[in-house]
Amino acid sequence: KLRIQLARGEVLFREGEDPGTAFLIESGEIEVRTRQRGRDVLLSVLGPGELVGEMAVIDESPRTATARALDDCVLFAIDRHQIAERLAATDPIIRSLLEGQLKRYRGALAALQGKQAAPDALSPSERLGISRIRLEAQLREALAEGQLELSLQPLLDVPLGRIAGYEALVRWDHPERGPISAAEFVALAEETSLIVPVGEYVIDTACLAIARLVAAGADPSPFVAVNVSARQMAHPGVIERIVARVDAAGLPRGSLKLEITESGVLDYGLAAGLIELCHRHGIRVALDDFGTGYANLCHLHRLPFDTIKVDQSFSHDMLDSPRAMAIVESAVRLGRALGAEIVVEGIETPEQLQALRRLGCRYAQGYLVGRPQTLAQLLAHPWD
Ligand code: C2E
Ligand code: CA
Ligand code: CA
């Protein structure tokens, strides 16, 4: 029954019962009482528009209080699956913190009632949630104190046989844990808007690094490719701020490429608008990790990417697996047909590079061409 009518004094649920549903009060008032140290204690009086009994539904524990109608009431039963689904959809860290809070609240209540309280150790998921919140706070501190660094990985112009540009990869050397992989902390930063200042740091540092390389005689001027996350791109005014930083570093606009990953492109409308805006400002855009997500080819033909970067999983297998080779080959052809330049990532052996040459691929990136290096390391070695 969805709509429930209670007469004054009637009990909605009793302490100790298993929770079936929560309730939304339409009219009338409900009081919630429990016994503490042998005394009857009023916990709350709830009225129209308020929820009652949702707590036990959230953590699937027996009711810890009794709810009774103070006058004639009408309530809506809120299905427990409706709440469970919403709970499952929330940020997992928040969910485990909430669960932990409820557990401790129940523990404290049980103690007041003179009952045996469940041990209130942190659960593994709570521990994980807290460690991620700690890491996030440390990342914020690292950013503020200049502990993040940038590595630059060269891209080879395959037909010309020279370095054409660099991809900027952010690095974090954690004071206690040592180096943390970019994949791990970028993913963490992307869960909140922390990715926005991290991204601005990367753009800034990357532009200044390339300006330094040019000043040190890099010829021709290399391009710099910077990874941007979908969340960062969704931030209003982000392109304008990026353009201002390129200008401030004294770089030609065309020397910056933004790399967005396939998953970031799933929002077609957003991606189309951003590419258009970038092009209007003279900035190029690359589709990163091509082949790993669910590349939507219907979208690809309408999104005018300047570059498509084929994921390293294909180049790793290319020489052993005819299917992987066929994918790299068709990506090169696709790029040609769409007027986009192709980069194949993860090139580690001369044989793989030779295969790219044969396929007519424009750029190669990978440990064979060069490992990511700091600006200081790059400046210490003259390039050819
Ligand atoms: P990505 O954009 O696909 O970057 C290439 C990754 O492959 C880098 O890992 C690079 O070090 C690694 N790599 C390059 N050549 C080779 C190779 O020959 N073999 C192998 N096995 N690996 C190679 P890294 O630096 O750990 O970055 C991981 C991911 O983190 C990046 O993948 C990118 O998605 C993200 N990321 C890195 N820096 C940033 C950043 O500044 N902003 C954002 N939003 N994401 C970033
Ligand atoms: Ca990338
Ligand atoms: Ca990639």
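Our subject is the structure listed above.
As the structure is a prediction and not an experimental result, all values here were calculated from the model.

*Asks:* Just to check I follow, could you spell out the overall build of the protein for this structure?
*Replies:* Of regular secondary structure, the protein possesses 15 helices and 17 strands. Over its C-alpha trace the protein gives a radius of gyration of 29 Å, far above what one expects of a compact globule, namely 21 Å for 384 residues. For the protein, the spread of C-alpha atoms along the three principal axes comes to 85 × 45 × 45 Å. Burial status across the protein gives 43% buried among its 384 residues. When the accessible area of the protein is evaluated, it comes to approximately 19,600 Å², of which 53% is carbon and sulfur surface. Charged side chains of the protein number 41 positive and 52 negative; the gap between the two group centres comes to 3 Å.

*Asks:* Could you clarify how one ought to interpret the site of ligand 1 in this entry?
*Replies:* Lining the immediate surroundings of ligand 1 are 22 residues, of which Gln153, Arg171, Asp288, Glu348 and Tyr367 lie closest. Here Glu167 contributes a side-chain N or O atom positioned 3.1 Å from an oxygen atom of ligand 1. At 3.0 Å from an oxygen atom of ligand 1 is found a side-chain nitrogen or oxygen belonging to Asp288. Using a 2 Å cut-off from the grid points, one finds that ligand 1 occupies the largest pocket. For the shell around ligand 1, the elements supplying multiple residues, two or more each, are β10 (162-174), α5 (182-190), β14 (284-290) and α12 (312-317). Ranked by residue count, the leading element in the shell around ligand 1 is β10, at four residues. When grouped by side-chain class, the residues that make up the shell around ligand 1 number nine nonpolar, seven polar and six charged.

*Asks:* Any chance you could explain the layout of surface pockets here in plain terms?
*Replies:* Summary: where empty space remains is shown by rolling a probe the size of a single water molecule over the atoms. Put simply, the largest pocket is a space of about 960 Å³. Lining the largest pocket are 37 residues, with Glu167, Leu169, Asn227, Asp288 and Asp289 sitting closest to its centre. Partitioned by chemical class, the residues of the lining of the largest pocket number 15 nonpolar, 13 polar and nine charged.

*Asks:* Explanation requested: the packing of helix α2 (residues 80-89) against helix α3 (residues 92-112) in the structure shown.
*Replies:* When two helices pack together, their arrangement is given by the angle between the helix axes and the distance between those axes. At a minimum axis separation of 8 Å, α2 and α3 run at an interaxial angle of 125°. As far as their axial angle goes, α3 and α2 are oblique. Contacts between α2 and α3 involve Leu87, Ala88 and Ala89 from the former and Arg95, Leu98 and Glu99 from the latter. Of the residues contributing to the contact of α2 with α3, the split by class is four nonpolar, no polar and two charged.

Rules and cut-offs
Residues numbered from 1 in each chain as written. Chains lettered and ligands numbered in written order. Predicted model: local features only at pLDDT ≥ 70, side-chain atom pairs only at ≥ 80, totals over all residues. Heavy atoms only, no water. Helix = DSSP H or I, 4+ residues; strand = E, 2+ residues; numbered from the N terminus. Rg over C-alpha atoms; globule rule 2.2 N^0.38 Å. Buried < 20%, exposed > 50% of the residue type's maximum accessible area, 1.4 Å probe, protein only. Areas by Shrake-Rupley, 256 points an atom, 1.4 Å probe, with all protein chains shown as cover. Lys, Arg positive; Asp, Glu negative; His and termini not counted. Charge placed at Lys NZ, Arg CZ, Asp CG, Glu CD. Near = heavy atom within 4 Å. Polar contact = N/O pair within 3.5 Å; in protein donor to acceptor, adjacent residues only side chain to side chain. 1 Å grid on protein atoms, 1.4 Å probe; cavity = no way out; pocket = protein on both sides within 12 Å on 5 of 7 lines; lining within 4 Å. Sits in = over half its atoms within 2 Å of the grid points. Nonpolar A, V, L, I, M, F, W, Y, C, P; charged D, E, K, R; others polar. Points joined across faces, edges and corners; volume = space filled by probe spheres on them. Axes fitted to C-alpha atoms, helices over the stretch in contact; angles between N-to-C directions. Parallel < 35°, antiparallel > 145°, perpendicular 65-115°, else oblique. Contact = heavy atoms within 4.5 Å.

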